[in-house]
Amino acid sequence: MFQSAYADRAFYGLQGSIPGYVAVMPHDPLSALTIAMTSNVGSGNRLSFQACGLHPVVDKAIRIILG
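Scope of this entry: the structure provided in the associated data block.

About the criteria used
Residues numbered from 1 in each chain as written. Predicted model: local features only at pLDDT ≥ 70, side-chain atom pairs only at ≥ 80, totals over all residues. Heavy atoms only, no water. Salt bridge = Lys/Arg side-chain N within 4 Å of Asp/Glu carboxyl O. Helix = DSSP H or I, 4+ residues; strand = E, 2+ residues; numbered from the N terminus. Buried < 20%, exposed > 50% of the residue type's maximum accessible area, 1.4 Å probe, protein only. Patch = residues over 30% accessible without salt bridge, like charges linked within 9 Å, V, L, I, M, F, W, Y side chains within 5 Å. Areas by Shrake-Rupley, 256 points an atom, 1.4 Å probe, with all protein chains shown as cover.

1. With respect to the pattern of salt bridges
And then number 1: This model, assessed by the stated rule, comprises three salt bridges.
And then number 2: The residue Arg9 makes a salt bridge to Asp28 at a minimum N-O spacing of 2.7 Å. Of this pair, Arg9 sits in strand S2 (residues 9-18) while Asp28 is found in strand S3 (residues 21-28), placing the two residues 19 residues apart along the sequence.
And then number 3: Under the relative-accessibility criterion, Asp28 is labelled buried at 1%.
And then number 4: Residue Arg63 pairs with Asp59 through a salt bridge whose shortest N-O separation is 2.8 Å.

Printed below as a string of structure tokens:
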């Protein structure tokens, strides 16, 4: 498990990867919101998922969902 910040909240989740692909599933225990994202960009690790530009997209989506 890992912790990541989205929408100024602590999300906890899992990550899986193979070279060139990464999947992350963060969960917010306060709102019970869970989001699953997969990507075919990056080196296949969670940090490349954040570095490839998808982290801000997920952050914005969570902010919209949580209002």
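That was the structure; now back to the text.
2. Considerations on the environment of Ala23
And then number 1: Mapping Ala23 onto the fold places it in strand S3.
And then number 2: Ala23 sits in the partly exposed class, given a relative accessible area of 28%.
And then number 3: Spatially, the C-alpha atom of Ala23 lies 6.4 Å from that of Ser39, the residues being 16 residues apart in sequence.

3. Remarks on unusual backbone geometry
And then number 1: Even without glycine at this site, Asp8 takes up a positive phi of about 60°.
And then number 2: Of note, Asp8 is situated in the loop between strand S1 (2-6) and S2.
And then number 3: Residue classification places Asp8 among the exposed positions, given a relative accessible area of 69%.
And then number 4: The phi dihedral of Ala32 is positive, around 65°, even though this residue is not glycine.
And then number 5: Turning to its location among the elements, Ala32 is positioned in the loop between S3 and strand S4 (33-34).

4. Side note on a nonpolar patch on the surface
And then number 1: Side chains of Met1, Tyr12, Leu14 and Met25 sit close together on the surface and give an oily, nonpolar patch of about 450 Å² of accessible area.
And then number 2: With respect to the helices, strands and loops of the structure, Tyr12 is situated in strand S2.
And then number 3: By relative accessible area, which is 35% here, Tyr12 ends up partly exposed.

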